[in-house]
Amino acid sequence: ARLFDGESAALTLGWKRALGSGYSAIAVDDARVVTMFADGDADVLAAFDPASGEQMWRYRIADTYNGHDGSHDGPISTPLISGDRVYGLGAWGHLFAVDAKTGKEIWATHLVDDLGANKPHYGFTTSPLMADGMLVVEIGGDEDKMIGGIDPDNGELKWSAGDDKIEYHSPIVATIGGRRQVVAAGKDNAYGIDAATGQVLWSYKHEGDERAMGGFTIVPVPAGEDRLFLMNKIDSSVMLSVTKGGDGSEIEELWSSGAIKSSYVVPVYHDGLIYGMSNRIFTCLDAATGDIRWRSREPGDGFPTMVGEHLVIMTKPGSLHVAQASSEGYKELA
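First, a word on what this report is: a plain description of the structure on this page. It should be emphasised that the depicted structure is a prediction, and the values quoted were computed from it without experimental measurement.

With respect to the overall build of the chain
For step 1, the next point in the chain: Along the chain, the regular secondary structure elements total 0 helices and 28 strands.
For step 2, the next point in the chain: Taken over C-alpha atoms, the radius of gyration comes to 20 Å for the chain, in line with the 20 Å a tight globule of 334 residues would show.
For step 3, the next point in the chain: Principal-axis analysis of the C-alpha atoms gives the chain an extent of 55 × 50 × 40 Å.
For step 4, the next point in the chain: Of all 334 residues assigned to the chain, the portion counted as buried reaches 53%.
For step 5, the next point in the chain: Excluding contacts between residues fewer than 6 apart, the proportion of contacts in the chain whose partners are at least 24 apart in sequence is 44%.
For step 6, the next point in the chain: With the model as given, the accessible surface of the chain reaches about 15100 Å², and the carbon-plus-sulfur share is 45%.
For step 7, the next point in the chain: Seen as two clouds, the 28 positive and the 48 negative side-chain charges of the chain have centres 3 Å apart.

Here's what the structure looks like:
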C-alpha cells in the first residue's frame, strides 16, 4: 500500500473549484466527492464528479448557520458515504440521508426538535459514523442521550446511551479486547459502546479541560492493540489501555505527555508512532512511552492522514504534502 513507487514523486492539480464557507471535510468513493458548505443562501451538501469536479447534485440542508464569536459561516460536520446513501448533520441539528446518485432526500430528523439534544455553542459538529449496520451520532441530550444509534433506513432512534454532555466530539470505531465497538468521548467521560445494541461496555472519566481546545473536542485515536490516545487537555494528552478483565473492562492510564497539545488537529497512528500537531509544530511520538521522536516546523499547521505507508498533510493555508511515515524525522516526498 504505497502512494508512490520509487524515490521520485509528484503531485499535479487535476481540477479545482470554489465552494462556500464551512468546516466540513470531504468524503469520497469511486463515484463521487461530497462535502458541505454555505453557498450564500443556505447550508448545503453537494456531490462532485471525482474526475472532472463538475457538480452532480446539491441538497439544501437548512438556512445558513451564521458564524459567531470568531467562527465562520456554514456546516462543521463531515458527511458520510455508506452504500448508496450519503448521511450528514447540519450545524443547526438537521440529520439526514440522501440518495448518493441523485441527492434526493430519503429521510430527515432534527437532533434538537426530535431527539431532545442541546445545541453546542458553535453548532453541531459530530460526524456521523456507520458501525454494524447502525448510524451512530453523538446527540448530546439529557438522560442517557449523549450518543445514539439511528436506523439508517428511516432515521428512527434505536438506542441511546451515555449520561454526558457533548460539544465538538466525534465517535470512532475500534477493536478492543477482540471486540469491535464504537468509542466516543463526551465532556466528562469516554465510552466503549456496542453499536448494534447501545450496550455500554466501559466508561472512563477522562478529566479533560472544560474548554474547546481540550476536553470539548476529544476524538479518540486507536494507537496500538487495546490502546486509545486522547487529547484531553490544552497542555497534555493521555494514553489509555483498555483490556477485558474477568468482570468487564479494565482501564489504565499508561502515560500522560505534553508533547502533543494546544491544537484541534486529530493525530494519526501508524506502526508504533503517533503523528500530530503540537501548537503549529508537526510532532512524532513513541506510542509506547509518549517520548518525542522528532519535531518539525515543516509542513506547517495542518491535518495529517495515513495513506498506506505515507503521511498526507493538508495545511491550513492550503498546501498539500506527502511524507514518509518514519521515526527518523520529517521526510517530504511531494
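Some remarks on the pairing of strand β25 (residues 302–307)
For step 1, the next point in the chain: Direction of pairing for β25 relative to strand β26 (residues 310–315): antiparallel, over a ladder of 6 bridges. In the sheet register, T305 faces β26, and the bridge partner there is V312.
For step 2, the next point in the chain: Remark: 2 residues form the turn of the hairpin made by β25 and β26, two consecutive strands paired antiparallel; G308 in that turn has positive phi of roughly 60°.

Here's the deal with the pairing of β26
For step 1, the next point in the chain: Burial analysis of β26 places 5 of its 6 residues in the buried class, which makes it a mostly covered element.
For step 2, the next point in the chain: With 5 bridges connecting them, β26 and strand β27 (residues 320–324) associate as antiparallel partners. Bridge pairing links I313 to H321 in β27.
For step 3, the next point in the chain: Where β26 folds back onto β27 in an antiparallel hairpin, the turn is made up of 4 residues, including G318, whose phi is positive at roughly 110°.

What to know about a nonpolar patch on the surface
For step 1, the next point in the chain: Taken together, the side chains of L11, M314 and L320 define a hydrophobic patch exposed on the protein surface, amounting to about 260 Å² of accessible area.
For step 2, the next point in the chain: For L320, the location among the structural elements is in strand β27.

Topic: the sheet that holds strand β7 (residues 94–99)
For step 1, the next point in the chain: The strand order β5-β6-β7-β8 describes an open sheet built from 4 strands, whose pairing is antiparallel. The two strands at the open ends of the sheet, each matched to only one other strand, are β5 (80–82) and β8 (105–110). Neighbour-to-neighbour, the strand axes of the sheet open up by a mean angle of 15°, direction not taken into account.
For step 2, the next point in the chain: Where β7 meets β8, 5 bridges bridge the pair, whose relative direction is antiparallel. Bridging from a neighbouring strand, V98 pairs with E105 of β8.

Focus on the pattern of salt bridges
For step 1, the next point in the chain: Summed over the entire model, instances satisfying the criterion amount to 11 salt bridges.
For step 2, the next point in the chain: Among the salt bridges present, the one from D194 reaches R179, with a minimum N-O distance of 3.1 Å. Of this pair, D194 sits in the loop between β15 (189–193) and β16 (200–205) while R179 sits in strand β14 (residues 179–185), placing them 15 residues apart in sequence.
For step 3, the next point in the chain: Accessibility expressed as a relative area gives 12% for D194, which makes it buried.
For step 4, the next point in the chain: Taken together, the salt bridges that share partners define one network made up of K187, D188 and E210.

The rules behind each value
- Residues numbered from 1 in each chain as written.
- Predicted model: local features only at pLDDT ≥ 70, side-chain atom pairs only at ≥ 80, totals over all residues.
- Heavy atoms only, no water.
- Helix = DSSP H or I, 4+ residues; strand = E, 2+ residues; numbered from the N terminus.
- Rg over C-alpha atoms; globule rule 2.2 N^0.38 Å.
- Buried < 20%, exposed > 50% of the residue type's maximum accessible area, 1.4 Å probe, protein only.
- Contact = heavy atoms within 4.5 Å.
- Areas by Shrake-Rupley, 256 points an atom, 1.4 Å probe, with all protein chains shown as cover.
- Lys, Arg positive; Asp, Glu negative; His and termini not counted.
- Charge placed at Lys NZ, Arg CZ, Asp CG, Glu CD.
- Pairing = 2+ DSSP bridges.
- Patch = residues over 30% accessible without salt bridge, like charges linked within 9 Å, V, L, I, M, F, W, Y side chains within 5 Å.
- Salt bridge = Lys/Arg side-chain N within 4 Å of Asp/Glu carboxyl O.
- Axes fitted to C-alpha atoms, helices over the stretch in contact; angles between N-to-C directions.

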